[in-house]
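Notes for the structure review
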Amino acid sequence: MFARSPVAVCGLVLLVAILLVSLIGPLVYVADPFDIVAAPLSPPFSEGALLGSDQQGRDVLTGLIYGGRATLTVGAAAALISVVIGITIGAVAGYFGGTVDEALMRFTEFFQVLPSLLFAMVLVTLFSPTLTTVVLAIGVVSWPGTARLTRAEFLKIKQYDFVAAELAIGARRGRIMWKVILPNALPPLVVSATLAVGAAILFEASLSFLGLGDPNRMSWGLMIGSSRSYMLSSWWAVTFPGLMIFLTVLAVSLIGDGLNDALNPKLRERR
Amino acid sequence: MRQAIAAFITILAIASAVAAPATAQEPRRGGTLVMGQSTGTTSFNNAVGSGTGIMVPGAQIFASPVMHDDKWNPKPYLAESWELSPDSLSMTLHLRKDALFHDGTPVTSADVAFSILTIRDNHPFNTMLAPVERVDTPDAATAIIRLKHPHPALLYAMGPPLMPILPKHIYGDGRPIKTHPNNSKDVVGSGPFKLVEFKPGDQIVLERFDRFFIKDRPYLDRIILKTYPDSQTSILELEAGRLLLQPFFNRVLELDRAKTNPQLVITNEGYAAVGGINWLLFNNKRKPFDDVRVRQAFAYAIDRDFIVKALHKGLSKVATGPIHSGFPQYSPDVTKYSLNLKKAEELLDAAGLKKGPDGVRLKVTCDYYPGDEDGQKRLAEYMKPALKKIGIEVEVRAPADFAAWAKRMATKDFDISMDAAFAWGDPVIGVNRTYLSSNIRPLVFTNNAQYENPKVDELLDAAGREPDAAKRKALYGEFQKIVTADLPLFWLTELPYHTIYNKRVHNPPTTIWGTASPMLDVWLSEK
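Structure report, in brief. As the structure is a computational prediction, the values presented were derived from the model and not from experiment. (Residues numbered from 1 in each chain as written. Chains lettered and ligands numbered in written order. Predicted model: local features only at pLDDT ≥ 70, side-chain atom pairs only at ≥ 80, totals over all residues. Heavy atoms only, no water.)

What follows deals with the nonpolar core. Core analysis: the biggest nonpolar cluster contains 152 residues, and B:Leu33, B:Leu280, B:Phe298, B:Met383, B:Leu387, B:Tyr435 and B:Phe479 have the highest contact counts within it. Ignoring anything within four residues of it in the chain, the contact list for B:Phe479 reads B:Pro322, B:Ile323, B:Val431, B:Tyr435, B:Val456, B:Leu459 and B:Leu460. Membership of the second largest hydrophobic core comes to 24 residues, among which are A:Ala70, A:Phe119, A:Trp143 and A:Ala147. (Core = buried A, V, L, I, M, F, W, Y, C linked by side-chain atoms within 4.5 Å. Buried < 20%, exposed > 50% of the residue type's maximum accessible area, 1.4 Å probe, protein only. Contact = heavy atoms within 4.5 Å.)

Rendered as structure tokens:
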């Protein structure tokens, strides 16, 4: 089903290519992205800097190859954290209902009404910007959507007959929640998790853009952030990492769309 | 022969006729000078606060006993003349009798005495007036400053950014001076401009004081100080002609851009007394930085020429030692460090820091304070690739804000850090604090290298008291020699401060204090 959607396949191919460059690239092309290789702000096709150099004289191409790891790690890890928190809270709220639901949803709303970027900035500022704090900050501020979605799925599925049957044979709560309801709620959650990866990458880029990235890990966001004030005079230092982020988020979104189509039973019947 | 002379005279006449229109541009009264500033102002009372946000407007509102020209010579201001007693222990100021405060009351010696003692007891530069014992006021126009010991820095400490003369009847009313309500509104001084509007974080409007004691000055009707925390906004405003003068500008990229604009002029004049230098601070009390060989190895691995030429585009200058090269006390006869990776590695080997199997000898953290991109952040980031070459792995610790960095300095929680300071007119005022062992304090901008050398303490103390300029210079020369060999910290560059101004601005402030002194001669042409 997924394979029949050309758009989704495009996304997958793109993502695999980006993953290959980011994971295998550093093994093949050994360099330090922080090394000074050329005069600061050399344009593309300069000696020693194919895609130009940034304001410190660091090679943009090396930065692109080495920066992918941090960016993708942040994207995946932060999305994982947000999905885990979101599913746990949503599942508990949806399954138990009543006061538990009330309490958890008010708690979720508390996070929802805070502007998430500002909140993440506060967290990173409080605990000095390192890769770990950036991941945690993004994870902590971006789970409410997943929680809402999970809760809705749980509210719906827990009324189905097969859940009643499990209850009748005396299955424990844990089993019903995680073994019975969750697998049936997964399709929309998978799509949402995929999109969360893209959102987390954008989040990392925004934080770095505002100067709140880890200065010791080369990432695409950091590249954009540290070269942003040179944008008018040297476009290459921000354009290439920006393009990488754009392509990655696009790939992830296309895959998310493809998965959505593939996992949606109504669409499946229609085809 | 006679013909030759006649020809010569003719040539002279033609030359002067041609030159005349250029020099004959008469200063014009009137106009509003819109000036930019990067740090916001919270108070105007520079008797109890430092920093350009206080000193630049403060020097317009308050007059001081003396001012200085661009060659470090003191000039009369509120004091018509002054003399130092032969034993150098008392300084007599003869004040002008026609000076008025903005509220119309005359400036008297009582105000001068009150101000000097207030500054001595409250100003953050606590060495500046420390030798002042008391101020005698035999009559309304004479103030005699009595000193505990000779204090040659006094003539600079009496300059516009450092010694505002406050009206005693307002600031001496018993309310605590540091939080006095008149520090930020209804400010009363005797300077060329008076405060008419203050919107914190946005703008300050200063208006010409018509009863100012120097005849026909200032030329300007109004100065508007606008706060632009972002250097890109300032440059756009300058290019649009809305902002006419931006002092204390140190962003390399925008300076470079302003150079090519025909409407704008950039100059580094007017920062001589500021004497800003930045450096790499070593935590001398923490291993392995207690070993001078390690500190020197760092110095041999850092390429200051690259910093100046490539990172600063030639807009800064290599700092060779603790005193800015524009200062009369500067000495070039010091231990010099230039890039020498081999020597650096030898020094580290000798200090027992051998390379591990991964090629790493040492891991250090490097801090910097936020807000000065070219003077701090980019140099901290440069340490990473530079020191990697000698096997030192640097982790840059980005500070959340200034307070976070200040706390690391105060608690000495750092390995190496970028740092900088202004000298403000005399080594006693702005240089001593970084090297005196008595100034190892839990505070930012003190002796945070925790450097202790009794000989240096002695030299600085002696130089601070030495009235003879030549002997004093020799003492500072000796100090510079010792400190550059001990290397408690490694000086990188003299800060690239510049003023950018529109061609309409004439006589831009270029004295040693720059815009932190009264803008009496600045005038604006039509277009």
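Having put the structure on the table, let's press on.
We now examine the pairing of strand E13 (residues 277-282) of chain B. Residue and element names in this part refer to chain B. Within E13, 6 of the 6 residues are buried, which leaves it mostly tucked inside the rest of the structure. Neither face of E13 is exposed, since Ile277, Trp279 and Leu281 on one face and Asn278, Leu280 and Phe282 on the opposite face are all buried. Examined bridge by bridge, E13 and strand E17 (residues 416-421) share 6 bridges and lie antiparallel to one another. Across the sheet, the residue bridging to Ile277 is Ala421, located in E17. Here 5 bridges tie E13 to strand E18 (residues 489-494), and the two strands are oriented antiparallel to one another. (Helix = DSSP H or I, 4+ residues; strand = E, 2+ residues; numbered from the N terminus. Pairing = 2+ DSSP bridges.)

Every contact between the two is made by 18 residues of chain A and, on the other side, 23 residues of chain B. On inspection of chain A and its partner chain B, the count reaches 3 salt bridges. Its salt-bridge partner being A:Arg58, residue B:Glu381 comes within 3.9 Å of it at the nearest N-O pair. Across the contact surface, chain A and chain B share 9 residue pairs in polar contact (both at pLDDT 80 or more). For the side of chain A that touches chain B, the class distribution of residues is 7 nonpolar, 8 polar and 3 charged. (Salt bridge = Lys/Arg side-chain N within 4 Å of Asp/Glu carboxyl O. Polar contact = N/O pair within 3.5 Å; in protein donor to acceptor, adjacent residues only side chain to side chain. Nonpolar A, V, L, I, M, F, W, Y, C, P; charged D, E, K, R; others polar.)

What follows concerns the packing of aromatic side chains. Under the criterion given, the structure shown has 35 aromatic pairs over all chains. With centroids separated by 5.7 Å and ring planes inclined at 55°, the aromatic side chains of B:Phe402 and B:Trp405 adopt a geometry described as tilted. Here B:Phe402 pairs with B:Trp405, and both are found in helix H12 (residues 402-410), just 3 residues apart, close to one helical turn. Seen from their ring centres, B:Tyr476 and B:Phe479 are 6.4 Å apart, and the 80° between their planes marks the pair as edge-to-face. Placement of the pair is B:Tyr476 and B:Phe479 together in helix H16 (residues 469-486), with a separation of 3 residues, close to one helical turn. Overall, the relative accessible area of 1% leaves B:Tyr476 in the buried class. Judged by relative accessible area, which is 0%, B:Phe479 ranks as buried. Linked through ring pairs, B:Phe248, B:Tyr271, B:Phe422, B:Trp424, B:Tyr497 and B:Trp513 together constitute an aromatic cluster. Here the guanidinium or amino end of A:Arg228 rests over the ring plane of A:Phe209, the centre of that ring lying 5.1 Å away. One residue, B:Lys384, lies across the ring of A:Phe34, its end atom 4.7 Å from the ring centre. (Phe/Tyr/Trp six-rings, centres within 6.5 Å; stacked < 30°, edge-to-face > 60°. Lys NZ or Arg CZ within 6 Å of the ring centre and 35° of its normal.)

Moving on to a nonpolar patch on the surface. Residues and elements named next belong to chain A. A cluster of nonpolar side chains, namely Leu12, Val16, Leu19, Leu20, Leu23, Ile24, Leu27, Val28 and Tyr29, defines an oily patch on the protein surface of about 810 Å² accessible area. Its place among the elements puts Leu23 in helix H1 (residues 6-28). Using a relative accessible area of 44% as the deciding quantity, one classes Leu23 as partly exposed. (Patch = residues over 30% accessible without salt bridge, like charges linked within 9 Å, V, L, I, M, F, W, Y side chains within 5 Å. Areas by Shrake-Rupley, 256 points an atom, 1.4 Å probe, with all protein chains shown as cover.)

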